[in-house]
Amino acid sequence: MEKHLQPAGWIEVVSWFSLSMAFVCALAVLADVLLLGRRQHMWIMNLVYPVTALYWGPVALWFYFAHGRRTSQPALEKHGMPDSGRLPSWNVQSKAISHCGAGCTVGDIAAEWLVFATSLTLAGKALYADFALDFAFAWILGVVFQYFTIVPMRDIGRLKGIWAAIRADTLSIIAFQIGLFLGMWLYQEVIFSPGLPKTSATYWMMMQLSMVLGFFTAWPVNAWLVRVGWKEKM
């Protein structure tokens, strides 16, 4: 059994606030999509936006209301499809990263709890098991999320769609996970050594921050993927 550092009470309070804000933002997006009928033109984005809010919180909520709503079915019926070629590059890159980021987020959360539930370790450390399963789950789900983006936009078959999704998202997922793993290593091995328990809110707030770091480490790769046409402009 690995030793853990119990975070200070004030850090737990801040962490619970951060997590609560993120859940509220995710629920606000879901409510707008499901209850108010603003479903996205690409159905996978109905998942991408709320999942992104789980780590970006109010920033993701702002982006959704400022830009995500523009590609909802009611907006398209009224204004037509926006010209992706005229969108600012930061807008295009943010959407491109959000696909792999959403898959990574769902995969990482599932993998983290699986490691916790099974007391799995690698080379004697749960953190290394986290890295291994996080990457495996993130890659699978990231490719799935990308598949349901590329196939409708390119109108291609299943096998070609799978290959296109793998080609488009593998480098992006690696870049995202590099930032995430760096953040995890810092807070588990340096800042809160010998590590935070997964049952603490602080652990998950630090995961939020690590995912934000992963978002930025994935930025240059996604800019290149969009430029060479491996990822679609949205």
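Values in this document were obtained by computation on a predicted structure and should not be read as measured data. (Residues numbered from 1 in each chain as written. Predicted model: local features only at pLDDT ≥ 70, side-chain atom pairs only at ≥ 80, totals over all residues. Heavy atoms only, no water.)

Following the criterion strictly, the structure yields 16 aromatic pairs and no others. Between tyrosine 128 and phenylalanine 131, the aromatic rings sit 6.5 Å apart at their centres with planes inclined by 40°, giving tilted as the arrangement. One end of the pair is tyrosine 128 and the other is phenylalanine 131, both in helix 6 (residues 126–154) and 3 residues apart, which spans about a single turn. Each residue in the set Trp113, Phe116, Tyr187, Tyr203 and Trp204 is aromatic and connected to the rest through ring pairs, giving one cluster. (Phe/Tyr/Trp six-rings, centres within 6.5 Å; stacked < 30°, edge-to-face > 60°. Helix = DSSP H or I, 4+ residues; strand = E, 2+ residues; numbered from the N terminus.)

What follows covers helix 5 (residues 89–118). When the terminal C-alpha atoms of helix 5 are compared, their 43 Å separation across 30 residues agrees well with the 44 Å that a helix rising 1.5 Å per residue should span. At serine 98, helix 5 is bent by approximately 30°, the largest bend along its length. Phi for serine 119, located one or two positions after helix 5, is positive at around 55°. (Expected span 1.5 Å × (residues − 1). Bend = angle between axes of the 7 residues up to and from the residue.)

Helix-helix packing is characterised by the crossing angle of the two axes and by the distance between the axes. Contact geometry for helix 5 and helix 8 (residues 201–217): axes closest at 10 Å, N-to-C directions at 150°. The handedness of the crossing between helix 5 and helix 8 comes out as right-handed. Taken together, the residues of helix 8 that come into contact with helix 5 (itself represented by Ser94, Ile97, Ser98, Thr105, Asp108, Ile109, Glu112 and Trp113) are Tyr203, Trp204, Met207, Met211 and Phe215. (Axes fitted to C-alpha atoms, helices over the stretch in contact; angles between N-to-C directions. Left-handed = near helix turned anticlockwise from the far one by under 90°. Contact = heavy atoms within 4.5 Å.)

So, on to the side chain of glutamine 146. Summarising the element assignment, glutamine 146 is placed in helix 6. Looking at glutamine 146, the relative accessible area reads 2%, which means it is buried. Non-local contacts of glutamine 146, meaning those with residues more than four positions away in its chain, are made with His99, Ala165, Ala168, Asp169 and Lys231. (Buried < 20%, exposed > 50% of the residue type's maximum accessible area, 1.4 Å probe, protein only.)

Let us now look at the nonpolar core. Grouped together as the largest cluster of nonpolar side chains are 37 residues, with contacts concentrated most on Tyr55, Phe176, Met184, Tyr187, Tyr203 and Met207. The set of elements that each furnish at least two residues to this core consists of helix 1 (9–35), helix 2 (45–56), helix 5, helix 6, helix 7 (158–191) and helix 8. When residues in this core are grouped by element, the largest group, 9 residues, is from helix 8. Look past the residues within four positions of tyrosine 203 in its chain and what remains in contact with it is Glu112, Asp130, Met184, Tyr187, Gln188, Leu196, Pro197 and Lys198. Val33, Val48, Tyr49 and Phe145 belong to the second largest nonpolar core, which has 13 residues in total. (Core = buried A, V, L, I, M, F, W, Y, C linked by side-chain atoms within 4.5 Å.)

With the exception of glycine, most residues fall at negative phi, and the peptide bonds are largely trans. Across the junction of serine 193 and proline 194, the peptide omega takes the value 10°, indicating a cis bond. With respect to the element layout, proline 194 can be found in the loop between helix 7 and helix 8. The backbone phi angle of serine 119 is positive, close to 55°, even though this residue is not glycine. Tracing the chain through its elements places serine 119 in the loop between helix 5 and helix 6. Under the relative-accessibility criterion, serine 119 is labelled exposed at 57%. The phi angle at alanine 123 is positive, at roughly 55°, despite the residue not being glycine. Looking at the secondary structure, you find alanine 123 in the loop between helix 5 and helix 6.

Along helix 3 (residues 58–66), the residues that are buried comprise Ala60, Phe63 and Tyr64. What you see down the axis of helix 3 is that its buried residues fit within an arc of 100°, all on one side. Close packing links the buried residues of helix 3 with helix 1, helix 2 and helix 5. (Arc of directions from axis to C-beta.)

Time to look at the pattern of salt bridges. If you walk through the whole model with that rule in mind, you get 5 salt bridges. Here lysine 198 ties to aspartate 130 by a salt bridge, and the two come within 3.0 Å at their closest N and O atoms. You can see lysine 198 sitting in the loop between helix 7 and helix 8 and its partner aspartate 130 sitting in helix 6, a full 68 residues away along the chain. Comparing lysine 198 with aspartate 130, the two get one shared label, buried. (Salt bridge = Lys/Arg side-chain N within 4 Å of Asp/Glu carboxyl O.)

Looking at where leucine 87 falls in the secondary structure, it is placed in the loop between helix 4 (73–79) and helix 5. Taking the C-alpha atoms as reference, leucine 87 lies 8.4 Å from methionine 234; in sequence the two are 147 residues apart. Residue contacts for leucine 87: discarding those within four places in its chain leaves Val92, Lys95 and Met234.

By the definition in use, this model includes 0 disulfides. Unpaired in terms of disulfides, cysteine 104 finds its nearest cysteine sulfur in cysteine 100, a separation of 4.9 Å. Exposure remark for cysteine 104: the relative accessible area of 0% places this residue in the buried category. (Disulfide = S-S within 2.5 Å.)

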